[in-house]
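Per-entry structural report
The lines below spell out each chain.
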Amino acid sequence: MHRTLFDTPIVNTLLRAFSRGFLRLNGWTVEGSLPPEARKSVLIAAPHTSNWDLPYTLMVAFVLRLNVYWMGKHTLFAFPFGPTMRWLGGIAVDRSRSGNLVAASAAALQAADGPVQLVVPPEGTRGRTTHWKTGFYYIALEAGVPIVLAYMDYSRKVSGLGPVFTPTGDVDADMAEIKRFYSGIKGRRPQHFEAG
């Protein structure tokens with residue numbers, strides 16, 4: 001995995017202090033902590049309904065002392081913003097190309113030295129969708145790492161880490177259980193998110 005602002009000395013400390021202050025001033029509460037067994041994990045980023053989710057997610061990650069990487073549309077990484085987006089933890093994904101993103105992501109998680117959390121929005125889009133993609137599930141299953149149910153509830157201004165979930169291989173039953181956790185959580189644009 002490439003170097004990010006989460007493992008850049010001094011910058012990391014300054015951004016953690018800024019993030020904590022900004023969230024507090026804007027009325028946000030950050031809950032939870034990453035248990036030792038989830039040092040390498042896949043974090044669900046839900047609901048994902050707005051461009052604001054990325055900066056808020058990064059700030060919450062600083063407060064919780066996470067080492068996150070996230071997947072974004074390859075167009076976000078075009079010149080001149082590519083190096084900055086990668087430094088923010090971004091990994092470019094070209095949705096038009098068929099490739100084995102699951103296998104590549106799982107291999108990267110397994111090969112990483114030290115803690116790493118891969119953030120994946122299950123909706124795959126900020127627009128309205130009633131179908132969750134299962135890529136995050138299969139990445140965790142193939143890498144042998146747990147899934148952390150991370151959330152951002154704009155209605156209550158609460159964000160953080162929920163339960164740690166170990167995929168069993170029964171994708172239908174597991175997805176139903178995961179979605180139950182998100183049923184009462186509201187995104188910035190609640191009309192775009194449906195966990196049911």
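An account of the accompanying structure is given in this report.

Attention shifts here to helix α1 (residues 11-25). Residues separated by three or four positions in an α-helix point in the same direction, a consequence of the helix having 3.6 residues per turn. Here α1 is 15 residues long and its end C-alpha atoms lie 21 Å apart, about the 21 Å a rise of 1.5 Å per residue gives. Of the surrounding elements, those touching the buried residues of α1 are β1 (29-31) and α2 (53-63). Among the residues trailing α1, Gly 27 stands out with phi positive, at a value near 85°.

What follows concerns the pairing of strand β6 (residues 147-153). Most of β6 sits inside the fold, with 7 of its 7 residues counted as buried. Residues Ile 147, Leu 149, Tyr 151 and Asp 153 point to one face of β6 and Val 148, Ala 150 and Met 152 to the other, with burial holding for every one of them. Summarising the sheet, strand β2 (residues 40-46) and β6 pair through 5 bridges and their orientation is parallel. Bridging across to β6, Ala 46 finds its partner in Tyr 151. What sits between the antiparallel neighbours β6 and strand β7 (residues 158-165) is a turn of 4 residues, in which Lys 157 has the positive phi angle 55°.

On to the packing of aromatic side chains, then. Counted under the stated rule, the structure contains 12 aromatic pairs. On the numbers, 6.0 Å between centres and 85° between planes, the contact of Tyr 56 with Tyr 154 is edge-to-face. Highlighted residues: Tyr 56 in helix α2 and Tyr 154 in the loop between β6 and β7, separated in sequence by 98 residues. Arranged with centres 5.4 Å apart and planes meeting at 85°, the rings of Tyr 137 and Tyr 138 form a pair that is edge-to-face. Here the aromatic residues Phe 18, Phe 22, Trp 28, Trp 52, Tyr 56 and Tyr 154 are joined through ring pairs into a cluster of three or more.

So, how was this worked out
- Residues numbered from 1 in each chain as written.
- Predicted model: local features only at pLDDT ≥ 70, side-chain atom pairs only at ≥ 80, totals over all residues.
- Heavy atoms only, no water.
- Helix = DSSP H or I, 4+ residues; strand = E, 2+ residues; numbered from the N terminus.
- Expected span 1.5 Å × (residues − 1).
- Contact = heavy atoms within 4.5 Å.
- Buried < 20%, exposed > 50% of the residue type's maximum accessible area, 1.4 Å probe, protein only.
- Pairing = 2+ DSSP bridges.
- Phe/Tyr/Trp six-rings, centres within 6.5 Å; stacked < 30°, edge-to-face > 60°.

Functional significance is not addressed by these values, which are geometric in nature.
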